[in-house]
Amino acid sequence: MARVIVLGVLVSGGGTNLQAILDAIAAGTLDARVAVVVSNVPGAGALARAKTAGVEALVIDHRDYVDRPAFDAAVVEALRLRGVELVVLAGFMRVVTDVLLGAFPLRMVNVHPGLLPAFPGVRAQRQALAHGVRIAGCTVHFVDGGTDTGPIIAQAAVPVHEDDDEAALTARILVKEHELLPRVLQWIAEGRVSVEPGPAGRPRVRVRGARTER
Ligand code: GAR
């Protein structure tokens, strides 16, 4: 039995991944509580999803801050005030600085719509189609100082169909994201996820007793 982990979810968009987290909590498959949802975009659909679930929804607009570190400091303060233990970047379209990373070292995870280390950054699905890959997917990883370079916790793959456009591939990948992200969060809640030095000197994730594929 995992203890209830306190999450802070950072968003910029529609919030279907946030919804997957909220649904998993409601279904009893994720032992977590979302203490706050922070959006850097006023009016983001994710904010309405938070409110519907009775979760505090906060707008911290990056345009109100002189630079990225100042914005991150405001986010850190909001998360700390609410006792957040683990930060989830769920469609959060901002590069994070050392201010946020330092406050939550190996306590911040991101979901990315690509099979990293291929296609980091924006519009990974479009990059995948442009390269003509036959397999695409998503990655949940710890956040480090690079762009989508942090230790990989889990991935899920989908086929790329001959007639796929960006919207079709995005939708197919999203279905996998919605399964993978809550599953990884539950592993973390259960204390099963650790980061160790890997063979190439890079940190590597171990998940103890993972019964499902990762
Ligand atoms: C998701 O596909 C997520 O992987 C992606 O944005 C989408 C957000 O959807 N994140 C990134 O591209 C981060 N670089 P959602 O708001 O419906 O969860």
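Just so we're clear, the structure is a prediction, and the values are computed from it rather than from any experiment. (Residues numbered from 1 in each chain as written. Predicted model: local features only at pLDDT ≥ 70, side-chain atom pairs only at ≥ 80, totals over all residues. Heavy atoms only, no water.)

1. Quick look at the site of the ligand
Part 1: What surrounds the ligand is the set Gly13, Gly14, Gly15, Thr16, Asn17, Gly91, Met93, Val111, His112, Pro113, Leu174 and Glu177.
Part 2: One nitrogen or oxygen atom from the main chain of Gly14 is found 3.4 Å from an oxygen atom belonging to the ligand.
Part 3: For the ligand, an oxygen atom lies 2.8 Å from a polar atom in the backbone of Gly15.
Part 4: Contact with the protein chains hides 86% of the accessible area of the ligand, taken as 450 Å² for the molecule alone.
Part 5: Mapped by element, the contributors of at least two residues to the shell around the ligand are helix 1 (16–27), strand 5 (108–112) and helix 6 (166–189).
Part 6: A per-class count over the shell around the ligand returns four nonpolar, seven polar and one charged. (Near = heavy atom within 4 Å. Polar contact = N/O pair within 3.5 Å; in protein donor to acceptor, adjacent residues only side chain to side chain. Areas by Shrake-Rupley, 256 points an atom, 1.4 Å probe, with all protein chains shown as cover. Helix = DSSP H or I, 4+ residues; strand = E, 2+ residues; numbered from the N terminus. Nonpolar A, V, L, I, M, F, W, Y, C, P; charged D, E, K, R; others polar.)

2. Points about helix 2 (residues 45–52)
Part 1: Within helix 2, the full set of buried residues consists of Ala46, Leu47 and Ala50. Buried residues along helix 2 cover an arc of 105° about the axis, so they all sit on one side. Facing away from the buried side of helix 2 by over 90 degrees, the exposed positions are Lys51 and Thr52.
Part 2: Residues of helix 2 that are buried make contact with strand 1 (5–11), helix 1, strand 2 (32–39) and strand 3 (57–59). (Buried < 20%, exposed > 50% of the residue type's maximum accessible area, 1.4 Å probe, protein only. Arc of directions from axis to C-beta. Contact = heavy atoms within 4.5 Å.)

3. A word on the nonpolar core
Part 1: Of all hydrophobic cores here, the largest spans 45 residues; its most connected members are Leu7, Val9, Ile21, Val88, Ile153, Leu185 and Ile188.
Part 2: With nine residues, the top contributor of residues to this core is helix 6.
Part 3: When sequence neighbours within four positions are dropped, the list of residues in contact with Ile188 reads Ile5, Leu86, Arg107, Val109, Phe142, Ile153 and Val193. (Core = buried A, V, L, I, M, F, W, Y, C linked by side-chain atoms within 4.5 Å.)

4. Some points on the pairing of strand 5
Consecutive residues of a regular strand have side chains that alternate between opposite faces of the sheet.
Part 1: Counting buried positions along strand 5 gives five out of five residues, so the element sits mostly inside the fold.
Part 2: The alternating pattern of strand 5 places Met108, Asn110 and His112 on one face and Val109 and Val111 on the opposite face, and all of these are buried.
Part 3: Across four bridges, the pairing between strand 5 and strand 6 (residues 135–142) is antiparallel. From the neighbouring strand, Asn110 faces strand 6, where its bridge partner is His141. (Pairing = 2+ DSSP bridges.)

5. Brief notes about the side chain of Asn110
Part 1: Along the chain, the position of Asn110 falls in strand 5.
Part 2: Assessed through its relative accessible area of 8%, Asn110 is described here as buried.
Part 3: Within the local environment of Asn110, its side chain forms a polar contact with the side chain of Asp148, the two groups lying 3.2 Å apart.
Part 4: If we skip the residues at most four places from it in the chain, Asn110 touches Leu89, Thr139, Val140, His141, Val143 and Asp148.

6. Quick look at the environment of Val205
Part 1: Note that Val205 resides in strand 9 (residues 203–207).
Part 2: By relative accessible area, Val205 is classed as buried at 6%.
Part 3: Measuring from C-alpha to C-alpha, the distance between Val205 and Val195 comes to 4.5 Å, with ten residues separating the pair along the chain.
Part 4: Aside from chain neighbours lying at most four places away, what touches Val205 is Phe142, Pro151, Ile152, Ile153, Val193, Ser194, Val195 and Arg214.

So far we have only geometry, and geometry alone does not tell us how the molecule works.
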